[in-house]
Amino acid sequence: MSDDERASFDFVAAKEDLARLATRLAFGPSTASLVKAAEERGIPWLRLNEHSLVQFGHGKYQQRIQATITSRTSHIAVEIAQDKQITNQLLERAGLPVPRQRVVRTLDGALEAARKLRYPLVVKPLDASHGRGITIGVTDEEQVRVAFANAQEHRSYVILEEYIQGSDHRVLVINGEVVAVSERVPGHVVGDGVHTLAELIEIVNSDPRRGVGHENVLTRLEIDHQAQRLMDQAGVTAATVLEDGRIFYLRSTGNLSTGGTAIDRTDDIHYENVQIACRAAQVVGLDVAGIDFITPDISRPVSEVGGGIVEVNAAPGFRMHVAPSEGQPRDAAGPVLDMLFPPGTPTRIPIAAITGTNGKTTTARMTAHILKMSGYHVGLTTTDGIYVDGERIARGDMTGPTSARIVLRDPTVDAAVLETARGGILREGLGFERADVGAVLNISADHLGLRGIDTLDDMARVKSLVVEIVPRDGWAVLNADDERVAKLADRIKAQPFFFSFDPTNRLVSEQVRQGGRAIVIEQGVNGDMITLYDRGRHIPLLWTHLIPATLEGRAKFNVANAMAAAAMAYALGISIENIRQGLRTFSTSFYQTPGRLNIFDEHPFRVIVDYGHNAAAISGLVDLVGQLPHDGRTICVVSVPGDRRDDDAREIGRIIGGGGFDQIIIKEDYRLRGRSEGEMPGFIREGLEQAGVASAVVSYIRYEHDAVTKALSMAERGDLVLLFADEPTDVWKQVIYWGKERTSDNAAIGSVAQAEPAAPPAAVPETPIVNAQPVSMQPSPAEHPIFPGEGED
């Protein structure tokens with residue numbers, strides 16, 4: 001914020017705006033009580049809109065509520081409850097006490113119905129709620145005319161019913177049992193001989209518990225049609241000073257939504273009245289019902305003192321029960337959660353969360369593959385999309401909290417593997433409050449200098465959140481070979497599960513001696529064995545050369561990823577044999593890991609496509625290239641994202657320069673990220689020069705498409721081409737169709753295919769980087785319209 005912006009900033013106004021926003025987005029009392037009950041029971045919840053639609057439980061175990069309607073509430077029961085005439089008829093035919101009533105649509109019909117019923121009457125809309133349009137105590141035809149007009153403002157059909165004398169009670173029935181009873185007292189003021197009626201209303205409304213509508217536990221009083229009618233009947237005005245002690249009712253109904261108050265009567269209700277209320281809920285068919293019960297004395301049976309049921313309500317409000325004006329608060333929400341999730345019912349699916357600088361996507365995919373091979377219906381988030389049971393449902397960088405919530409909301413998912421990136425954590429957090437197992441793979445220089453993360457220690461603190469949220473009975477998978485990752489063991493509650501290339505690693509050795517878990521690489525006569533230690537047991541898991549993703553054990557970074565994936569799967573209870581089978585059947589084909597060590601061998605030369613974009617990732621690929629057999633030259637196409645530091649680009653140049661490549665092509669990413677054209681390639685060239693690379697083997701081509709075209713054109717039999725791709729899908733298509741007539745966009749890439757990007761510009765001639773001038777940039781392929789760059793890591 002600039003000095004001018006700081007000087008003009010209105011803190012008070014901004015604070016008030018924030019308070020209004022918080023009030024608007026806050027749950028109402030009923031929903032808030034249900035969320036609180038869920039938290040007390042350890043049930044996870046997700047808000048599904050800005051109102052009261054909430055999901056309890058994850059994945060296939062989820063249940064939903066909207067206010068106090070549940071996912072088990074019968075739609076037809078709600079329809080019946082909203083139709084007061086049908087409700088009255090069903091209850092009467094079930095032998096329950098209800099008042100006589102008539103439904104009319106015209107004033108003449110109302111007057112005729114009034115003559116057939118006994119005064120006093122209640123006049124109300126057929127299906128309105130919260131006391132809207134209701135008039136009580138109608139005693140003559142003139143009052144019928146006024147009450148009918150008021151009711152028709154809300155609904156064309158109007159009910160006239162005989163008025164039952166007594167106090168208004170709300171009986172809350174949940175899952176066939178009465179859990180709370182409140183006596184509802186209409187909104188009123190008490191005179192003091194000093195203040196006018198209007199002033200007394202303001203005094204009552206000054207109670208901080210009162211708000212507008214359902215936002216607070218009580219509702220503000222106001223002078224509306226009902227209040228004015230009662231004032232006219234009593235011969236008072238807003239300016240009238242009420243005598244001391246006089247109670248004046250501004251409402252004829254006790255609805256809290258119109259300013260009424262509530263007195264808890266749960267311990268007072270008579271057994272017969274309990275049975276009547278429960279039967280009423282059963283007759284209508286509601287799992288959660290508010291029974292409006294009028295009787296002079298709820299502690300005595302209605303068969304003796306009179307009374308009856310005037311309404312059965314779907315989605316009854318809980319605030320009169322959880323926060324009564326007088327008496328003991330009742331747990332109205334707990335029985336709802338116990339109904340939705342009886343004891344022993346699962347509410348959570350297994351969650352594995354993965355972070356680190358490199359290897360997250362491959363490890364996440366490996367873990368998801370093992371779980372799928374074990375019979376799970378897996379939800380997976382990665383940098384290239386969201387997958388449910390192997391099918392991509394959304395494309396783009398999906399490693400942030402929004403994507404995690406999409407997976408956890410899916411009703412078919414029974415296990416979640418969540419790649420979790422730095423960017424999403426810094427913006428919004430995780431999107432889930434706990435995981436069963438978390439993993440931090442490594443911490444190296446990438447994205448430094450962004451969003452206040454300037455050092456590797458800063459980065460470690462951000463990424464540690466993934467393992468800090470794992471509870472004591474869960475597992476934190478940590479790379480014991482990375483000093484910063486290993487130190488995270490001091491920050492966690494969970495049990496540490498180390499993995500290491502070195503079986504003599506101090507942390508691993510100590511962990512094994514204490515009976516803990518660790519995965520290491522042990523030398524054997526047939527190569528390197530991934531070995532598991534658990535409670536003193538030594539379990540040979542799998543030879544690294546039998547894992548296709550490791551390229552016969554040469555790709556050490558994928559050996560590390562396999563160890564982490566095996567540890568996570570084992571922590572989730574997957575059997576040893578299923579872990580072995582999962583790793584044995586996981587490859588780095590474009591179908592399983594797009595943009596991660598994708599190898600194409602159908603040309604006379606070998607091509608490797610990888611998304612590597614930081615020093616550690618690129619170093620791993622350069623080392624691998626040095627180990628792979630090939631008869632010809634090595635060619636590399638490389639770029640660095642514009643949001644990386646200058647020194648990061650120079651370091652990448654030095655790494656590439658140390659790889660002994662015969663030809664190096666420097667390109668730009670599609671998005672320059674605030675850099676000028678040629679700026680980042682210039683830093684790469686500086687690093688190459690520092691590594692002693694001759695300028696004759698280095699060229700610069702602006703666009704990725706053209707740089708790849710140049711590399712493939714110069715490749716000959718026996719060569720090896722390493723392509724660091726900004727858009728891996730486009731580059732992979734370019735590679736597999738090289739030299740072929742295009743006949744089908746999907747022939748070679750199957751379900752992973754995406755729409756073709758716009759045709760690239762004409763080839764940009766090779767040119768030195770010095771004095772490069774900016775030109776218009778080729779548009780990047782479309783990102784996901786809802787979650788662009790969600791994770792950014």
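All values reported here derive from a predicted model rather than from experimental measurement.

## As for the sheet that holds strand β5 (residues 101–104)
What the four strands build is an open sheet, ordered β5-β8-β6-β7; its pairing is antiparallel. One side of each edge strand has no neighbouring strand; the edge strands of this open sheet are β5 and β7 (135–138). Along the sheet, successive strands turn relative to each other by an average axial angle of 20°, direction set aside. Most of the contacts of helix α6 (residues 107–116) go to β5, to which it runs at about 170°, and overall it touches β5, β6 (121–125) and β8 (158–162). Against the sheet, helix α7 (residues 141–152) makes contact with β5, β6, β7 and β8, and its axis sits at roughly 170° relative to β7, the strand it touches most.

## A closer look at the side chain of S33
Here S33 lies in helix α3 (residues 29–40). S33 sits in the buried class, given a relative accessible area of 12%. With residues up to four places along the chain from it excluded, the contact list for S33 reads F318, V322 and A333.

## Some remarks on the nonpolar core
Counting 46 residues, the largest nonpolar core has V477, F497, I519, I579 and L583 as its most contacted members. Considering every element that reaches this core, the biggest residue donor is helix α21 (residues 556–571), with 12 residues. Among residues more than four places away in sequence, those in contact with V477 are V437, G438, A439, V440, F497, F499, A564, A567 and M568.

## Examining the packing of aromatic side chains
Scanning the model with the defined rule gives five aromatic pairs in all. With centroids separated by 5.9 Å and ring planes inclined at 70°, the aromatic side chains of W475 and F497 adopt a geometry described as edge-to-face. Separated by 22 residues along the polypeptide, W475 in strand β24 (residues 475–479) and F497 in strand β25 (residues 495–500) bring together distant segments of the chain. Residue W475 is classed as buried on the basis of its relative accessible area, which comes to 12%. Take F497: its relative accessible area is 0%, and that puts it in the buried class. Taken together, the aromatic side chains of W475, F497 and Y570 make up a single cluster linked through ring pairs. Geometry around F27 places R47 over its ring, the cationic atom sitting 4.1 Å from the centre.

## Some details on the sheet that holds strand β20 (residues 385–388)
Ordered in space as β21-β20-β19-β22-β18-β23-β24-β25-β26-β27-β28, the 11 strands form an open sheet in which the pairing is mixed. The sheet is open, and its two edges are formed by β21 (391–395) and β28 (537–543), each paired on a single side. Each neighbouring strand pair of the sheet contributes to a mean axis angle of 20°, computed without reference to strand direction. Here five bridges tie β24 to β25, and the two strands are oriented parallel to one another. Bridge assignment links A476 to a residue of β25, and that residue is P496. Set on the sheet, helix α20 (residues 506–513) makes contact with β25, β26 (517–524) and β27 (527–534); between it and β25 the angle comes to about 130°.

## Quick look at a nonpolar patch on the surface
Nonpolar side chains collect at one region of the surface, where F9, F11 and V12 lie side by side and expose about 330 Å² of accessible area between them. In this fold, V12 is placed in helix α2 (residues 11–25). For V12, a relative accessible area of 51% gives the class exposed.

## So, α6
Side chains that are three or four residues apart share a direction in an α-helix, a result of its 3.6 residues per turn. Of the residues making up α6, those classed as buried are A110, L111, A113 and A114. Across the axial projection of α6, the buried residues extend over an arc of 160°, all falling on one side. In α6, those exposed residues whose orientation departs by more than 90 degrees from the buried face are D108 and R115. Taken together, the buried residues of α6 touch β5, β6, α7 and β8.

## Regarding the environment of N598
By the secondary structure assignment, N598 is in strand β29 (residues 598–600). The class of N598 is buried, set by a relative accessible area of 0%. Spatially, the C-alpha atom of N598 lies 71 Å from that of I309, the residues being 289 residues apart in sequence. Residues within four places of N598 in sequence aside, it is in contact with T588, S589, F590, T593, V607, I608, V609 and W732. Polar side-chain contacts of N598 include one of 2.8 Å to the backbone oxygen of T593.

## Regarding the environment of S587
Tracing the chain through its elements places S587 in the loop between α22 (576–584) and β29. Classification of S587 as partly exposed rests on a relative accessible area of 22%. C-alpha separation for the pair S587 and A549, spaced 38 residues apart in sequence, amounts to 4.4 Å. Setting aside its immediate chain neighbours within four residues, S587 contacts P548, A549, Q592 and T593. Within the structure, S587 has its side chain in polar contact with the backbone nitrogen of S589 (distance 3.3 Å).

## Some remarks on helix α17 (residues 456–463)
Those residues of α17 lying buried are D458, M459, A460, V462 and K463. Contacts from the buried residues of α17 go to β18 (351–355), α16 (422–428), β23 (437–440), α18 (465–468) and α19 (483–487).

## Details of the confidence of the model for the protein chain
On average, residues of the protein chain carry a pLDDT of 89, and 91% of them reach 70 or more. Ignoring residues within four places in sequence, the model shows residues 742–788, a span with pLDDT below 50, making 90 contacts including any to other chains.

## Side note on unusual backbone geometry
With an omega of -5°, the peptide bond between Y119 and P120 qualifies as cis. Positioned with a positive phi, R535 is a non-glycine residue whose angle comes to about 50°. Tracing the backbone through its elements, the reader meets R535 in the loop between β27 and β28. The residue E552 is not glycine, and still its phi comes out positive at about 60°. When you line up the elements, E552 lands in the loop between β28 and α21. Under the relative-accessibility criterion, E552 is labelled exposed at 58%.

## Things to note about the packing of helix α14 (residues 360–373) against α22
Relative to each other, α14 and α22 sit at 125°, their axes nearing to 8 Å. The orientation of α14 with respect to α22, classified from their angle, is oblique. With respect to the hand of their crossing, α14 and α22 are arranged in right-handed fashion. Taken together, the residues of α22 that come into contact with α14 (itself represented by M366, H369, I370 and M373) are N578, I579, Q581, G582 and L583. Split by residue class, the contact of α14 with α22 holds five nonpolar, four polar and no charged.

Rules of the game
- Residues numbered from 1 in each chain as written.
- Predicted model: local features only at pLDDT ≥ 70, side-chain atom pairs only at ≥ 80, totals over all residues.
- Heavy atoms only, no water.
- Pairing = 2+ DSSP bridges.
- Helix = DSSP H or I, 4+ residues; strand = E, 2+ residues; numbered from the N terminus.
- Axes fitted to C-alpha atoms, helices over the stretch in contact; angles between N-to-C directions.
- Contact = heavy atoms within 4.5 Å.
- Buried < 20%, exposed > 50% of the residue type's maximum accessible area, 1.4 Å probe, protein only.
- Core = buried A, V, L, I, M, F, W, Y, C linked by side-chain atoms within 4.5 Å.
- Phe/Tyr/Trp six-rings, centres within 6.5 Å; stacked < 30°, edge-to-face > 60°.
- Lys NZ or Arg CZ within 6 Å of the ring centre and 35° of its normal.
- Patch = residues over 30% accessible without salt bridge, like charges linked within 9 Å, V, L, I, M, F, W, Y side chains within 5 Å.
- Areas by Shrake-Rupley, 256 points an atom, 1.4 Å probe, with all protein chains shown as cover.
- Salt bridge = Lys/Arg side-chain N within 4 Å of Asp/Glu carboxyl O.
- Arc of directions from axis to C-beta.
- Polar contact = N/O pair within 3.5 Å; in protein donor to acceptor, adjacent residues only side chain to side chain.
- pLDDT = per-residue confidence, 0-100.
- Parallel < 35°, antiparallel > 145°, perpendicular 65-115°, else oblique.
- Left-handed = near helix turned anticlockwise from the far one by under 90°.
- Nonpolar A, V, L, I, M, F, W, Y, C, P; charged D, E, K, R; others polar.

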